[in-house]
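Here are the chains, one letter per residue:
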Amino acid sequence: MNSTLASWNSASEAEALGAMIACCGSKRWAAAMVALRPAVNVPELSEAADRVWSKMEEADWPEVFACHPHIGELKAARASAQSATWSRQEQSSANSAEDHVLAELADANLLYEQRFGFTYIVCATGKRAEEMLLILKGRLGNDHATELREAAEQQRQITQIRLGKWVIE
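Student: It is not clear to me how the pattern of salt bridges should be interpreted in this structure. Could you clarify?
Tutor: When the charged atoms of two side chains lie near each other, side chains of opposite charge can form a pair. One pass over the full model with this rule turns up 7 salt bridges. A salt bridge links Glu104 to Lys137, with the shortest nitrogen-to-oxygen separation between them at 2.8 Å. Here Glu104 is found in helix H7 (residues 99–116), whereas its partner Lys137 is found in helix H8 (residues 129–139), with 33 residues between them in sequence. Glu104 sits in the partly exposed class, given a relative accessible area of 30%.

If you want it as structure tokens, here you go:
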């Protein structure tokens, strides 16, 4: 068994909850994951994460979205230290973006948040700042329900990546 997973299986509820909240900022999702312990292996944990996420409701999503900084910013207001570190890694391409791209991202982030009422969520791993900007601009044309589902899917992908990072650290 993976050593991180073994430690998590035997950790206190508070410690186990903290690990899951770093992967996905939803307290309800994290509590459901902790309740499923012990996880036998990483694939089982990954499958459980998707299964639990699929049961989250629209009311749960803003809590998670608030844990993400705007693309091009350093830290969200409600992010754990581990989540903030992962966000910086995931958005690292924004560090080398040209100033005009960062300015466009800032403007588009604001427009997005005004339109939809939550932070623009995109699985940033492996994407350049310019690509994230194009995706953001394209998603501004979505209706609210479509965009909410798209943001939730992006969060599911982010959670899977973070679970993978967590089990190997």
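Student: Is there a simple way to think about helix H3 (residues 27–35) in this case?
Tutor: It helps to recall that an α-helix has 3.6 residues per turn; residues three or four apart then point in one direction. Within the sequence span of H3, burial applies to Trp29, Ala30, Met33 and Val34. Projection of H3 onto a plane perpendicular to its axis shows the buried side chains occupying an angular sector of 135 degrees, all on one side. Opposite the packed face of H3, turned more than 90 degrees from it, sit the exposed residues Lys27 and Ala35. The inward-facing, buried residues of H3 contact helix H1 (3–10), helix H2 (13–23), helix H4 (42–54) and helix H9 (144–168).

Student: Would you mind going over the packing of aromatic side chains with me for this structure?
Tutor: Each pair of aromatic rings is reported with the distance of its centres and the angle of its planes. Per the counting criterion, the structure on display carries 7 aromatic pairs. Centre to centre, the rings of Trp8 and Trp166 are 5.8 Å apart; their planes meet at 85 degrees, and the pair counts as edge-to-face. You can see Trp8 sitting in helix H1 and its partner Trp166 sitting in helix H9, a full 158 residues away along the chain. Accessibility assignment for this pair places Trp8 and Trp166 in one class, buried. Judged by centre distance (5.3 Å) and plane angle (65 degrees), the rings of Tyr112 and Tyr120 are edge-to-face. Accessibility expressed as a relative area gives 1% for Tyr120, which makes it buried. Directly above the aromatic system of Trp8 lies the positively charged group of Arg37, at a separation of 5.7 Å from the ring centroid.

Calculation notes
- Residues numbered from 1 in each chain as written.
- Predicted model: local features only at pLDDT ≥ 70, side-chain atom pairs only at ≥ 80, totals over all residues.
- Heavy atoms only, no water.
- Salt bridge = Lys/Arg side-chain N within 4 Å of Asp/Glu carboxyl O.
- Helix = DSSP H or I, 4+ residues; strand = E, 2+ residues; numbered from the N terminus.
- Buried < 20%, exposed > 50% of the residue type's maximum accessible area, 1.4 Å probe, protein only.
- Arc of directions from axis to C-beta.
- Contact = heavy atoms within 4.5 Å.
- Phe/Tyr/Trp six-rings, centres within 6.5 Å; stacked < 30°, edge-to-face > 60°.
- Lys NZ or Arg CZ within 6 Å of the ring centre and 35° of its normal.

On their own, these measurements won't tell you what the molecule is for.
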